[in-house]
Amino acid sequence: MMPLAHKPNSQRIVAAVRDALGSPTEPLLLHGPVFAGNEWRYLKDCIDTSNVSSSGSYVTEFENRLAQYTGAAHVIATVNGTTALHLALMLAGTDRDTEVLLPSLTFVATANAVAHCGAIPHFCDVENRTMGMDAGKLADHLQSMAERRKDGCYNRRTGRRIAAIVPMHTFGHPVDLDPLLELSRRWNVPVVEDAAESLGSSYHGRHTGTFGKIGILSFNGNKVVTTGGGGAILTNDDELGQHAKHLATTAKVPHPWEFVHDETGYNYTMPSLNAALGCAQMEQLPGFLDHKRKLAQLYIKALSGLEAEGVTVFAEPPGCVSNYWLNALVLDSADEKVRDELLGALNDAHLQCRPIWRPMHMLSMYADCPRMDMAVTESLAARVINLPSSANLLDPARNGGRTAPGKAL
Ligand SMILES: *Cc1c(COP(=O)(O)O)cnc(C)c1O
């Protein structure tokens, strides 16, 4: 007989979380930005030199710093992560009426970028260990519905070509990439990595986002480093890298005064102001990662005594280094009532906590998309709670992760 899941004692869990954070007196954000470096100096430089948009050197500098940090041969900075994924998917061969395999348990941008290509999201289940795509289940699913043809892999049931596999690294924890890359080779479907949440995370020593044909990062306000809004395309393929830059900059043929464009391009390139912020943030990234790792360890320690309450803190998978972007409590019991009671208690204690995303196949616009069995996704959706995770939570001298005094959450 299965042991009955315990109903967690919310007050005991709230006390443990508060204890891990040194009993904060002010409300804590889920993830606030930290500006403690050269942000003002670089932004002022942009304004003083009138290099706020496409001119100046900050975009190239930011791209170079990202290339150096991640090891990607080519980095193209974009206005946000969604547009980076839109372009990356197109460059990998996603077009109208193709299908793209992606986890249902993700932020909506992953599915939206597929839809922006005119393609159909095809949802996959995840595994408990990483909260990322389950390669074993995907292997069985492909066996049951896919067919290799000369020009690619096809879904026999819908007749549509399968254009890409899009693994996503949930909360910065690397998904198990090796078996997914093996499936990509076996079925001849390129991998496009959604590494939006995983700047600073590596899988077997290599930075996430650099394994597939092409990958993307996000620098939204709540990510590990922020440019206000921003994203980047990563690739080791010279031709793809050059094409990505061309498409992101309206496909303008380089010329000192003439305006000639040789295909339908996009105005997706990151403005200089945002890149300046990004350069300052990259200088602080190692410190942010240290801080986030310490915070995760404190949460793990503070909650380790509460296993009887049916809660654990999600930890990095073996062989991986996680950036611990968002810490997560995992409840034993997949019961939304239990989850929401705990969420209420945490938020009442001024700890801004939230449930994991509603799975994509449960959103109205994607409810009719093709998918496999979603047992693990649906279970996790009812029992994962994110905890405050800003990169300065343990540092009382700073204010970035905390709301200004008197300001409501
Ligand atoms: C943040 C994020 C994106 C990109 O989001 P933007 O807000 O457009 O930068 C894409 N996928 C996932 C999983 C994300 O978390």
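The text that follows walks through the structure, step by step, so that each part is easy to find. (Residues numbered from 1 in each chain as written. Predicted model: local features only at pLDDT ≥ 70, side-chain atom pairs only at ≥ 80, totals over all residues. Heavy atoms only, no water.)

The next point concerns the overall build of the protein. Within the protein, the regular secondary structure consists of 11 helices and 16 strands. In terms of C-alpha radius of gyration, the protein reaches 22 Å, essentially the compact-globule figure of 22 Å for 409 residues. In terms of overall dimensions, the protein has C-alpha extents of about 65 × 60 × 35 Å along its principal axes. Within the protein, buried positions represent 55% of all 409 residues. Pairs at least 24 residues apart make up 72% of the contacts formed inside the protein by residues separated by at least 6 positions. (Helix = DSSP H or I, 4+ residues; strand = E, 2+ residues; numbered from the N terminus. Rg over C-alpha atoms; globule rule 2.2 N^0.38 Å. Buried < 20%, exposed > 50% of the residue type's maximum accessible area, 1.4 Å probe, protein only. Contact = heavy atoms within 4.5 Å.)

The next point concerns the site of the ligand. Lining the immediate surroundings of the ligand are 15 residues, of which G81, T82, E197, S218 and K223 lie closest. For the ligand, an oxygen atom lies 2.7 Å from a polar atom in the backbone of G81. Take E197: an N or O atom from its side chain is 2.5 Å from an oxygen atom of the ligand. Its free accessible area being 380 Å², the ligand has 93% of it covered by the protein chains. If you list the elements that add at least two residues to the shell around the ligand, you get α4 (81-91) and α5 (108-116). Residues that form the shell around the ligand fall into these classes: four nonpolar, eight polar and three charged. (Near = heavy atom within 4 Å. Polar contact = N/O pair within 3.5 Å; in protein donor to acceptor, adjacent residues only side chain to side chain. Areas by Shrake-Rupley, 256 points an atom, 1.4 Å probe, with all protein chains shown as cover. Nonpolar A, V, L, I, M, F, W, Y, C, P; charged D, E, K, R; others polar.)

Looking at where T170 falls in the secondary structure, it is placed in the loop between β6 (161-165) and α7 (177-187). Excluding residues within four positions of it along the chain, T170 makes contact with L105, T130, M131, G132, E197 and W357.

Another point: the pairing of β6. Counted residue by residue, β6 has four buried out of five residues, so it is predominantly covered. As defined by bridge partners, strand β5 (residues 152-155) adjoins β6 across two bridges and the pair is classed as antiparallel. Counterpart to C153 in the pairing with β6 is I162. (Pairing = 2+ DSSP bridges.)

This part covers the packing of helix α1 (residues 10-20) against helix α9 (residues 272-304). For the pair α1 and α9, interaxial distance at closest approach is 9 Å and the crossing angle is 145°. As α1 runs across α9, the sense of the crossing is right-handed. Two secondary-structure elements touch here, α1 through I13, A16, V17 and A20 and α9 through L298, Y299, A302 and L303. Considering only residue class, the contact of α1 with α9 consists of eight nonpolar, no polar and no charged. (Axes fitted to C-alpha atoms, helices over the stretch in contact; angles between N-to-C directions. Left-handed = near helix turned anticlockwise from the far one by under 90°.)

This part takes up the packing of aromatic side chains. Within this structure, the stated rule accounts for six aromatic pairs. Between Y266 and Y268, the aromatic rings sit 5.0 Å apart at their centres with planes inclined by 35°, giving tilted as the arrangement. For the cation-ring pair, R149 lies above Y154, with the distance from its terminal atom to the ring centre recorded as 4.0 Å. It is R206 that lies over the ring of F211; its NZ or CZ is 4.5 Å from the centre. (Phe/Tyr/Trp six-rings, centres within 6.5 Å; stacked < 30°, edge-to-face > 60°. Lys NZ or Arg CZ within 6 Å of the ring centre and 35° of its normal.)

This part covers helix α8 (residues 238-248). Among the residues making up α8, those that are buried are L240, G241, A244, H246, L247 and A248. The inward-facing, buried residues of α8 contact β1 (74-78), α4, β10 (214-218) and β11 (231-235). The opening residue of α8 is D237, an N-cap whose side-chain oxygen sits 3.0 Å from the backbone nitrogen of E239. In the stretch just after α8, T250 is the one whose phi turns positive, near 60°.

Attention shifts here to the pattern of salt bridges. Think of it this way: side chains of opposite charge can pair up when their charged atoms draw near. If you walk through the whole model with that rule in mind, you get 17 salt bridges. Measuring nitrogen to oxygen at the nearest pair gives 2.7 Å for the salt bridge that ties D48 to K44. Here K44 and D48 lie together in helix α2 (residues 39-48), a separation of four residues that amounts to about one turn. Assessed through its relative accessible area of 49%, K44 is described here as partly exposed. Note that E182 and R185 form a salt bridge whose closest N and O atoms lie 3.4 Å from each other. Highlighted residues: E182 and R185, both in helix α7, separated by three residues, approximately one helical turn. R185 sits in the exposed class, given a relative accessible area of 56%. (Salt bridge = Lys/Arg side-chain N within 4 Å of Asp/Glu carboxyl O.)

This paragraph deals with the state of the cysteines. One way to say it: the disulfide is the covalent bond shared by the sulfur atoms of two cysteines. Considering all chains together, one arrives at zero disulfides under this definition. Distance from the sulfur of C46, which forms no disulfide, to the nearest cysteine sulfur (C279) is 8.7 Å. (Disulfide = S-S within 2.5 Å.)

Limitation: the analysis is restricted to geometry and does not speak to function.
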